[in-house]
Amino acid sequence: MLFASFDLVSALATLAACLVSLTLLLAVSQQLWQLRWAATRDKTCKLPIPKGSMGFPLIGETFHWLLQVFSKIFSHEALESYLPKIQLVIKDTLRAWSSNPESINVYHEAQKLTFRMAIRVLLGFRIPDEELNRLFEVYQQFVENVFSLPVDLPFSGYRRGIRARETLQKGLEKAIQEKLQSTQGKDYADALDILIESGKEHGKELTMQELKDGTLELIFAAYATTASASTSLIMQLLKHPRVLEKLREELRSKGILHNGCICEGSLRLDNINSLQYLDCVIKEVLRLFTPISGGYRTVLQTFELDGFQIPKGWSVMYSIRDTHDTAPVFKDVDVFDPDRFGQGRSEDKDGRFHYLPFGGGVRTCLGKHLAKLFLKALAIELASTSRFELATRTFPKITLVPVVHPVDGLKVKFFGLDSNQNEILTGTDAMLGATV
């Protein structure tokens, strides 16, 4: 009994010592951080520096790639060549959703859709569906663990992420090699083609590792945020059927939708860009449901903010979501109202940085035009060839981490439509209807 009491006291003492040590470590770290914070002030400026709200370093992440290459990848000519392929991927996906007798998890399926778009369209890989689905599962595991603590222990998220990345890169290397060895002709240059050719133009033959890294970055850029925005678009069209009907009216008036079908050859880039109400709908989705909360910038010159100096060299975080919520140009900020961007109101024109779903300044998102084109193509297909309804009693709550998405993924039942906008029955439903 005496030894048991001694063991308990020893354990408590050890725990207390650990807590005290941890507290002292945190206190010293905070003091050192505050000293560094103070040491970075601009001594030529008399203004004080802000106290700061973090107290500790905030580690950011930056994706860097050649600006000229991305400019070519997302140019008007490139988008024009991507469009028919994007439309085909979306059509096939909606057909699969409609043939499913059960409701689907929209957010999960939208992730699959954007991954497929990146693989098939941006990279031009001809990967069989079974292999593509396996790669998607591996990629999801990689993304889920990409922000894990960098502790390389068995069964840790970091270790799972590393293993997933290795498996993913093996699959990508195989696809790249098959693509490089393929003699089959193509009717357009995809992003990987442009990447390889740009390397040659600069006198550099890209290594396999560089090609894999560039491929992975392109997939990452096209994946999470576009899936988030696609899910938000579907949810808002469900919530606001009048908006969906107004979209259909615009498609009919522009000669794109006729007798319930998209007219052949009507979906060209210039035609899509001329659809003003569609543009307003996409803008409002991105205003109200911006996929990411903000971004980082480096201060190039000391400036004043609310009586404080923000020294050159500091990293500054800006909030997209808070900007949209507090910008005085937007009326009834919590209301989904695409008409706020119409010609009569143009609320986004009254100021330079009130509306920035893709960031702002010279480092705005280079892929924003591809993202908007994808969302517009998806909205057109949804308005033209699908009927869909919420599969739950109420709409789910929204979570903001890691990107904006419904907590349950948004359960929706899709139905295909024929040329007369009538629901296409499944084989079982058709047989049941014939017997009644």
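Structure's up top.
Since this is a predicted model, take the numbers as computed values, not measurements.

Calculation criteria
Residues numbered from 1 in each chain as written. Predicted model: local features only at pLDDT ≥ 70, side-chain atom pairs only at ≥ 80, totals over all residues. Heavy atoms only, no water. Axes fitted to C-alpha atoms, helices over the stretch in contact; angles between N-to-C directions. Helix = DSSP H or I, 4+ residues; strand = E, 2+ residues; numbered from the N terminus. Parallel < 35°, antiparallel > 145°, perpendicular 65-115°, else oblique. Left-handed = near helix turned anticlockwise from the far one by under 90°. Contact = heavy atoms within 4.5 Å. Nonpolar A, V, L, I, M, F, W, Y, C, P; charged D, E, K, R; others polar. Salt bridge = Lys/Arg side-chain N within 4 Å of Asp/Glu carboxyl O. Buried < 20%, exposed > 50% of the residue type's maximum accessible area, 1.4 Å probe, protein only. Expected span 1.5 Å × (residues − 1).

S.K.: Just give me the short version of the packing of helix α3 (residues 76-99) against helix α13 (residues 368-385), but keep the residues and values in it.
M.R.: The packing of two helices is summarised by the inter-axis angle and the distance between the axes. At a minimum axis distance of 10 Å, the contact between α3 and α13 shows a crossing angle of 40°. With respect to each other, α3 and α13 are oriented oblique. As α3 runs across α13, the sense of the crossing is right-handed. Contact residues: Leu-79, Tyr-82, Leu-83, Ile-86, Gln-87, Ile-90, Lys-91 and Leu-94 in α3; His-369, Leu-370, Leu-373, Phe-374, Ala-377, Leu-378, Glu-381, Leu-382 and Thr-385 in α13. When the residues that make up the contact of α3 with α13 are grouped by side-chain class, the tally is twelve nonpolar, three polar and two charged.

S.K.: Kindly report on the pattern of salt bridges, identifying the contributing residues and their values.
M.R.: Counted according to the given criterion, the structure contains 24 salt bridges. In this structure, the salt-bridge partner of Lys-112 is Glu-109, at a minimum N-O distance of 4.0 Å. In this pair, Lys-112 and Glu-109 both sit in helix α4 (residues 106-122), three residues apart, roughly one turn of the helix. Overall, Lys-112 belongs to the partly exposed group, its relative accessible area being 28%. The class for Glu-109 is buried, based on a relative accessible area of 19%. In this structure, Asp-152 engages Arg-159 in a salt bridge whose closest nitrogen and oxygen atoms are separated by 2.5 Å. Here Asp-152 falls in the partly exposed class, since its relative accessible area comes to 45%. When salt bridges that share partners are traced, they join Glu-284, Arg-287, Asp-337, Arg-340, Arg-345 and Glu-347 into one network.

S.K.: How would you summarise helix α11 (residues 276-288) if you had to cite specific residues and measurements?
M.R.: Three- or four-residue spacings in an α-helix give side chains the same orientation, since the helix completes a turn every 3.6 residues. Taking 1.5 Å of rise per residue, the 13 residues of α11 would be expected to cover 18 Å, and the 18 Å separating its terminal C-alpha atoms lies within 8% of that figure. For α11, the tally of buried residues reaches eleven of 13 residues, placing the bulk of the element in the interior. Among the residues of α11, Tyr-277, Leu-278, Asp-279, Cys-280, Val-281, Ile-282, Lys-283, Glu-284, Val-285, Leu-286 and Arg-287 are the ones counted as buried. For α11, the elements touching its buried residues are α8 (208-239), α9 (241-253), α12 (320-326) and α13.

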